[in-house]
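Here's the letter readout for the chains.
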Amino acid sequence: MPSGSLATAPWRPSEGHQNGGFREGGIAGVENWRTQSHRTEPDHFVFPSRLYRGQRALDLAAVLKSKIRPAFEKLGFSGVGWHTFRHTVGTLLAEMGGHQLPIRDYLRHSNLS
């Protein structure tokens, strides 16, 4: 599964992938999330659109535009996007003592910069 595609992932694994492309421990997290969801059919999405009753994925661009960016702008931050959160995760992992190479691999970066 390509990076960033979890929101558009159905509950069932992709064809040819036993675990849907998730890293170790990811399946347990998704299954836990599923137990809390109202949309549990195999064809429903992990993060479904309420507007389409689970039959379409959540529109991440719309969430960013209508919810996340306005919230950060109220706090005085501009230019916040999904990539901002990738950098935040990498920084937090490093501050918690994570080694650079596993962090690089987790973020699916090709180099350490």
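Being a predicted model, the structure only gives us computed values, none of them experimental.

A. Quick look at helix 3 (residues 82-95). If you check helix 3, its first and last C-alpha atoms are 20 Å apart, about what 14 residues at 1.5 Å a residue would give, namely 20 Å. In the stretch just after helix 3, Gly 97 is the one whose phi turns positive, near 95°.

B. Highlighting the pattern of salt bridges. With the rule as written, the count across this model stands at 1 salt bridge. Between Asp 105 and Arg 104 there is a salt bridge whose closest N-O contact spans 2.8 Å. Its relative accessible area of 23% is what places Arg 104 among the partly exposed residues.

C. Region of interest: the packing of aromatic side chains. Within this structure, the stated rule accounts for 3 aromatic pairs. Taken together, a centroid distance of 6.1 Å and an interplanar angle of 75° make the contact between Phe 72 and Phe 77 edge-to-face. Among the aromatic side chains, those forming a connected cluster through ring pairs are Phe 72, Phe 77, Trp 82 and Phe 85.

D. Quick peek at the side chain of Ser 49. Looking at the element boundaries, Ser 49 is found in the loop between helix 1 (26-36) and helix 2 (60-74). From its side chain, Ser 49 meets the backbone nitrogen of Leu 51 in a polar contact 3.3 Å long. The contact partners of Ser 49, leaving out residues within four places of it in the chain, are Gly 54, Arg 56, Ala 57 and Leu 58.

E. Spotlight on the confidence of the model for the protein. Mean pLDDT for the protein: 76, with 74% of residues reaching 70 or above. This model gives residues 1-5 a pLDDT under 50, and the stretch forms 10 contacts once residues within four places in sequence are excluded. With pLDDT under 50 throughout, residues 13-21 is counted as low confidence; its partners more than four residues away or in other chains account for 8 contacts.

F. Just the environment of Asp 105, in detail. Among the structural elements, Asp 105 can be located in helix 4 (residues 100-106). Separated by 2.8 Å, the side chains of Asp 105 and Arg 104 make a polar contact.

G. Main features of helix 2. For helix 2, which comprises 15 residues, the first-to-last C-alpha distance of 20 Å matches the rise-based estimate of 21 Å (1.5 Å per residue) to within 8%. One or two residues past the end of helix 2 sits Gly 76, with phi positive at roughly 95°.

H. Examining the environment of Arg 56 more closely. Mapped onto the elements of the fold, Arg 56 is located in the loop between helix 1 and helix 2. Sequence spacing of Arg 56 and Asp 43 is 13 residues, and the spatial spacing of their C-alpha atoms is 9.4 Å. Residues in contact with Arg 56, not counting those within four places in the same chain, are Phe 45, Pro 48 and Ser 49. In this structure the side chain of Arg 56 is engaged in a polar contact, spanning 3.3 Å, whose partner is the side chain of Tyr 52.

I. Up close: the environment of Arg 69. Note on placement: Arg 69 falls in helix 2. For Arg 69 and Val 80, which are 11 residues apart along the polypeptide, the C-alpha to C-alpha distance reads 6.2 Å. Each residue touching Arg 69, except ones within four places of it in the same chain, is listed here: Leu 64, Val 80 and Gly 81. Side-chain polar atoms of Arg 69 contact the backbone oxygen of Val 80, separated by 2.8 Å.

Thresholds applied
- Residues numbered from 1 in each chain as written.
- Predicted model: local features only at pLDDT ≥ 70, side-chain atom pairs only at ≥ 80, totals over all residues.
- Heavy atoms only, no water.
- Helix = DSSP H or I, 4+ residues; strand = E, 2+ residues; numbered from the N terminus.
- Expected span 1.5 Å × (residues − 1).
- Salt bridge = Lys/Arg side-chain N within 4 Å of Asp/Glu carboxyl O.
- Buried < 20%, exposed > 50% of the residue type's maximum accessible area, 1.4 Å probe, protein only.
- Phe/Tyr/Trp six-rings, centres within 6.5 Å; stacked < 30°, edge-to-face > 60°.
- Polar contact = N/O pair within 3.5 Å; in protein donor to acceptor, adjacent residues only side chain to side chain.
- Contact = heavy atoms within 4.5 Å.
- pLDDT = per-residue confidence, 0-100.

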